[in-house]
Amino acid sequence: MISSAELTVLLGVLKEEDKPLEAVLAAFNAAFPRADRFRVACAVCTLLADRLVVLPAQRVALLFVLHEPYRAEPPAAQPFLPFLVEQLGRARDGPGARVEHNLLCLFLAEQPNRDVAKRSALELCASLAAGEPLPVPSLWAVQAAFAERDQHIPPLRRRGLHPTLLAPAADADEMGSVEELAAAPLSDDDVSRELSLASFEPAFARPPPPLLPPSDDELIWLSPSAEGTRVLWDESLCAENVKAMEVRELMSKAFKTSLLPQQQQQVLAEFESDAKLVYHCGVTPKRLPELVENNPVIAIEVLLKLMASSHITDYFSVLVNMDISLHSMEVVNRLTTAVDLPTEFVHLYISNCISSCENIKDKYMQNRLVRLVCVFLQSLIRNKIINVHDLLIEVQAFCIEFSHIREAAGLFRLLKTLE
């Protein structure tokens, strides 16, 4: 939990017994990074649990280190509050017991004494040891806070027992035997001192299930021998899938050139018989534009098979941003009629189509692309794929800009009829 070097540093901080406790806490924070303080504080609890390891003045400093950083937090959020409450219950007779009892009473009071931080550990030991034992403060607020927190814990775990049992108040020498000592009742004072918020749930004895008698076909495995046994080998294991190889070869060609009709049908048939084959045929978002331009029919089938993939948005992004062409519009048009595409994707693709038409310098290619885009938009509108009112202003401006083209004039008239 804590290294020897860290323990040396911690003991060095505890040597400052004549300095105010707030200075000791500052030295503790300076010695350990914020990420390590909780771990070191857990080690402090281990040191405090062994009452013979740390001197009384050092115990005062360590208890202050555990309490002060979380003093302003609500009770249920203070990680070491159960430990402090438990130490209050265990502060009995012994060296420094009255000091520790009075100090913890000051810490757990409803209105903590702020003068404690200004005094050194030696001064507190002297003043608290001379005074009378303080009454145990009311812990009902603490118990209520932990009861509310424990509502989320299973009921069985909340019915725990304290890890330690107190010896009865009577002197052990007066008892006849150890059994009589264990059977002696605890006094009211012992019960009142049993303060703890930590407990462990009882363990239920679970007997192991009985062994079932082995059946006849199991006896051979109790004493296996080489006779009558043979290795069963799956001949198809690690065998190369010939059809998958053919599809990968055809797909590598499909990125570069148009496949023959029979080759396209073969690829589509294999995709239909094995839907997962599309994940292993080499199609990536980066290579999608090549497939769209050379074999749009296969590209459509691939995208339909990939609709359930978590990476489909990457393919859509590439499709939207690729160069607008007849094949890309064919792919998008077929996808819109086959599945419900995201509205923002369709709108972005239409906007890219319009800006592509406006940016072409070649008049012949511009007129050709405008005709394709107008036919594409009319198909989307007639099939009710898009809500034209969302893009009405942009599409109308496009039609007016290219009104000298017959398809643009026809699209404009279609928009007017929809109004």
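Here the structure is a predicted model, which means the values were calculated and not measured.

What to know about the overall build of the protein chain
Then comes step 1: Counting secondary structure elements, the protein chain contains 22 helices and zero strands.
Then comes step 2: Residue burial in the protein chain is summarised as follows: out of 419 residues, 36% are buried.
Then comes step 3: For the protein chain, the accessible surface area stands at approximately 25,600 Å², while carbon and sulfur atoms represent 57% of it.

A few points about the packing of helix α18 (residues 326-338) against helix α20 (residues 363-382)
Then comes step 1: Look at α18 against α20: their axes get within 11 Å of each other, and the N-to-C directions meet at 0 degrees. Classed by the angle they form, the pair α18 and α20 counts as roughly parallel. In contact with L326, M329, V332, N333 and T336 of α18, α20 contributes L369, L372, V373, F376, S379 and L380.
Then comes step 2: Its residues assigned to classes, the contact of α18 with α20 comprises eight nonpolar, three polar and no charged.

A few points about helix α7 (residues 121-130)
Then comes step 1: Taken together, the buried positions of α7 are occupied by A121, L124, C125 and L128. The buried side chains of α7 occupy one side of the element, clustering within an arc of 100 degrees when seen end-on. With respect to the buried face of α7, the exposed residues turned more than 90 degrees away are A126 and A130.

What about the environment of A409?
Then comes step 1: Looking at the element boundaries, A409 is found in helix α22 (residues 406-418).
Then comes step 2: Distance in space between the C-alpha atoms of A409 and Q396 is 10.0 Å, their sequence separation being 13 residues.

Details of the pattern of salt bridges
Then comes step 1: A full pass over the atoms with the stated rule returns 10 salt bridges.
Then comes step 2: Two residues, R39 and E6, come together in a salt bridge whose shortest N-O distance is 2.8 Å. Of the two residues, R39 sits in helix α3 (residues 34-49) while E6 sits in helix α1 (residues 4-14), which places them 33 residues apart along the sequence.
Then comes step 3: Owing to a relative accessible area of 16%, E6 belongs among the buried residues under this scheme.

Looking at the environment of L48
Then comes step 1: Structurally, L48 is set in helix α3.
Then comes step 2: Sequence separation between L48 and Q58 is 10 residues; the distance between their C-alpha atoms is 9.5 Å.
Then comes step 3: Those residues in contact with L48 that lie beyond four places of it in its chain are R59, L62, L63, L66, F83 and Q87.

Some thoughts on helix α16 (residues 296-305)
Because an α-helix packs 3.6 residues into every turn, residues spaced three or four apart end up facing the same way.
Then comes step 1: Burial within α16 is extensive, with seven of its 10 residues counted as buried.
Then comes step 2: What α16 keeps buried is the set P296, I298, A299, I300, E301, V302 and L303.

Side note on the packing of aromatic side chains
Then comes step 1: Under the defined criterion, the tally for this structure stands at six aromatic pairs.
Then comes step 2: Ring centres of Y349 and F376 lie 5.8 Å apart, and the angle between their planes is 80 degrees; this geometry places the pair in the edge-to-face category. With Y349 in helix α19 (residues 343-359) and F376 in helix α20, this pair connects stretches of sequence that are 27 residues apart.
Then comes step 3: When its relative accessible area of 1% is taken as the criterion, Y349 is described as buried.
Then comes step 4: For F376, a relative accessible area of 5% puts it in the buried group.

Thoughts on the nonpolar core
Then comes step 1: In this structure, M251, F271, L291, I298, L319, I350 and F398 are the most contacted members of the largest nonpolar core, which totals 63 residues.
Then comes step 2: No other element matches α20, which puts eight residues into this core.
Then comes step 3: Once residues lying within four places of it in the same chain are set aside, the contact partners of I350 are F376, L377, L380, I386 and L391.
Then comes step 4: Listed in part, the 45 residues of the second largest apolar core include F32, L62, L81 and V85.

A word on unusual backbone geometry
Then comes step 1: You will see that K384, though not glycine, has its phi angle at about 60 degrees, which is positive.
Then comes step 2: If you trace the backbone, K384 turns up in the loop between α20 and α21 (392-401).
Then comes step 3: Residue class for K384 comes out exposed when judged on its relative accessible area of 72%.

Quick look at the confidence of the model for the protein chain
Then comes step 1: Here the protein chain averages 77 in pLDDT, and 78% of its residues register 70 or above.
Then comes step 2: Here residues 162-196 is modelled with pLDDT under 50, and outside its nearest four sequence neighbours on either side it reaches 42 contacts, counting other chains as well.

What to know about the side chain of Q366
Then comes step 1: The topology assignment puts Q366 in helix α20.
Then comes step 2: Beyond its immediate stretch of four places on either side in the chain, Q366 contacts C357, E358, I360 and F402.

Details of the packing of helix α2 (residues 21-31) against helix α4 (residues 56-67)
Then comes step 1: One can describe the packing of α2 onto α4 by two numbers: an axis separation of 10 Å at closest approach and a directional angle of 65 degrees. In terms of orientation, α2 and α4 fall into the roughly perpendicular class. Here the hand of the crossing between α2 and α4 comes out right-handed. Contact with α2, carried on its side by L21, E22, V24, L25 and F28, involves V60, A61, F64 and V65 of α4 and no other residues of that element.
Then comes step 2: Class assignment for the residues of the contact of α2 with α4 results in eight nonpolar, no polar and one charged.

Thresholds, definitions, all that
- Residues numbered from 1 in each chain as written.
- Predicted model: local features only at pLDDT ≥ 70, side-chain atom pairs only at ≥ 80, totals over all residues.
- Heavy atoms only, no water.
- Helix = DSSP H or I, 4+ residues; strand = E, 2+ residues; numbered from the N terminus.
- Buried < 20%, exposed > 50% of the residue type's maximum accessible area, 1.4 Å probe, protein only.
- Areas by Shrake-Rupley, 256 points an atom, 1.4 Å probe, with all protein chains shown as cover.
- Axes fitted to C-alpha atoms, helices over the stretch in contact; angles between N-to-C directions.
- Parallel < 35°, antiparallel > 145°, perpendicular 65-115°, else oblique.
- Contact = heavy atoms within 4.5 Å.
- Nonpolar A, V, L, I, M, F, W, Y, C, P; charged D, E, K, R; others polar.
- Arc of directions from axis to C-beta.
- Salt bridge = Lys/Arg side-chain N within 4 Å of Asp/Glu carboxyl O.
- Phe/Tyr/Trp six-rings, centres within 6.5 Å; stacked < 30°, edge-to-face > 60°.
- Core = buried A, V, L, I, M, F, W, Y, C linked by side-chain atoms within 4.5 Å.
- pLDDT = per-residue confidence, 0-100.
- Left-handed = near helix turned anticlockwise from the far one by under 90°.

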